[in-house]
Amino acid sequence: MTKQETGSGYRFEIDEAKNGETFLRFRAANGEIMVRSETYKAKASARNCATSVQKNAPEAEVVEEG
């Protein structure tokens, strides 16, 4: 989603950082931000990040540290 779009539930949001670059955040159904990515120079890179997470996350290993 971008600033012009609205929605609810779990979702990815693409936003602009203070430095003008683009980043991706993952928001929970309750509106809380769960994950924020690094910044990217191109919006397409943020979209690629969302696609990668959607594709690879079901297979991701859970590692507990500490």
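Engineer: Which parts of the structure should I look at to understand the nonpolar core?
Structural biologist: As a rule of thumb, nonpolar side chains are buried together in soluble globular proteins. Counting residues in hydrophobic clusters, the biggest one holds seven residues: Phe12, Ile14, Leu24, Tyr40, Ala46, Cys49 and Ala50. Secondary structure elements with two or more residues in this core: strand 1 (11–16) and helix 1 (43–56). Ranked by the residues each element gives to this core, the list is headed by helix 1, at three residues. Apart from the residues within four sequence positions on either side, Tyr40 is in contact with Glu21, Thr22, Ser45, Ala46 and Cys49.

Engineer: How do you make sense of the sheet that holds strand 1 when you look at a structure like this?
Structural biologist: Picture the strands of a sheet paired through backbone hydrogen bonds; they go either parallel or antiparallel. Here three strands make up an open sheet; going across it, the order is 1-2-3 and the pairing antiparallel. In this open sheet, the two edge strands, each paired with only one partner strand, are strand 1 and strand 3 (33–40). Between one strand axis and the next, the sheet turns through 20 degrees on average, direction left out of account. Bridge analysis of strand 1 against strand 2 (residues 22–27) gives six bridges, and the strand direction is antiparallel. Note that in strand 2 the partner of Ile14 across the bridge is Leu24.

Engineer: What should I look at first to understand a nonpolar patch on the surface in this one?
Structural biologist: On the surface, a cluster of nonpolar side chains totalling about 340 Å² of accessible area is made up of Tyr10, Met34 and Val35. With respect to the secondary-structure elements, Tyr10 resides in the segment before strand 1. The exposure class assigned to Tyr10 is exposed, which follows from its relative accessible area of 58%.

Engineer: In this structure, what is going on with the pattern of salt bridges? I would like to understand it.
Structural biologist: Should their charged atoms come close, side chains of opposite charge can pair. By the definition in use, this model includes four salt bridges. Three or more residues are tied together by salt bridges with common partners; here these are Arg11, Glu13, Asp15, Arg25 and Arg27.

Engineer: Please explain the packing of aromatic side chains as it appears in this structure.
Structural biologist: The description of an aromatic ring pair rests on the distance of the ring centres and on the angle between the ring planes. Tallying each qualifying case throughout the model produces two aromatic pairs. Look at Tyr10 and Phe26: their rings are 5.9 Å apart centre to centre, the planes differ by 20 degrees, and that puts the pair in the stacked class. With Tyr10 in the segment before strand 1 and Phe26 in strand 2, this residue pair connects regions lying 16 residues apart in the sequence. Summarising the aromatic geometry, the rings of Phe12 and Phe26 are spaced 5.1 Å apart at their centres and angled 55 degrees between planes, so their arrangement reads as tilted. With Phe12 in strand 1 and Phe26 in strand 2, the pair connects residues that are 14 residues apart, well separated along the chain.

What counts, and at which threshold
Throughout, residues of each chain are indexed from 1 in the direction in which the sequence is written. It should be noted that, the model being predicted, local features are given only for residues of pLDDT at least 70 and side-chain atom pairs only at 80 or more, the latter also being counted only at that level, while totals for whole chains, interfaces and linings use all residues. To get the side-chain values, all heavy atoms of the structure are used, and hydrogens and water are removed first. Nine residue types can take part in a nonpolar core, namely buried Ala, Val, Leu, Ile, Met, Phe, Trp, Tyr and Cys, and a core is a set of them joined through side-chain atoms within 4.5 Å. Three exposure classes are used, based on accessible area relative to the maximum for each residue type with a 1.4 Å probe and protein chains only: buried under 20%, partly exposed in between, and exposed over 50%. Segments assigned H or I by DSSP are reported as helices when at least four residues long, segments assigned E as strands when at least two residues long, and all are numbered from the N terminus. Contact definition: two residues touch when any of their heavy atoms are within 4.5 Å. Here, any two strands with at least 2 DSSP bridges between them count as paired. For every element, the axis is a line fit to its C-alpha atoms; helices are fit only across the contacting stretch, and the angle between N-to-C directions ranges from 0 to 180 degrees. Distance thresholds for patches are 9 Å for like charges and 5 Å for nonpolar side chains (Val, Leu, Ile, Met, Phe, Trp, Tyr), applied to residues having over 30% relative accessible area and no salt bridge. Working definition of accessibility: Shrake-Rupley area with a 1.4 Å probe, residue cover restricted to the visible protein chains. Salt-bridge detection follows one rule: a side-chain nitrogen of Lys or Arg within 4 Å of a carboxyl oxygen of Asp or Glu. Ring pairs shown here join Phe, Tyr and Trp side chains whose ring centres sit within 6.5 Å, with only the six-membered ring taken for Trp; geometry is labelled stacked below 30 degrees between planes, edge-to-face above 60, and tilted in between.

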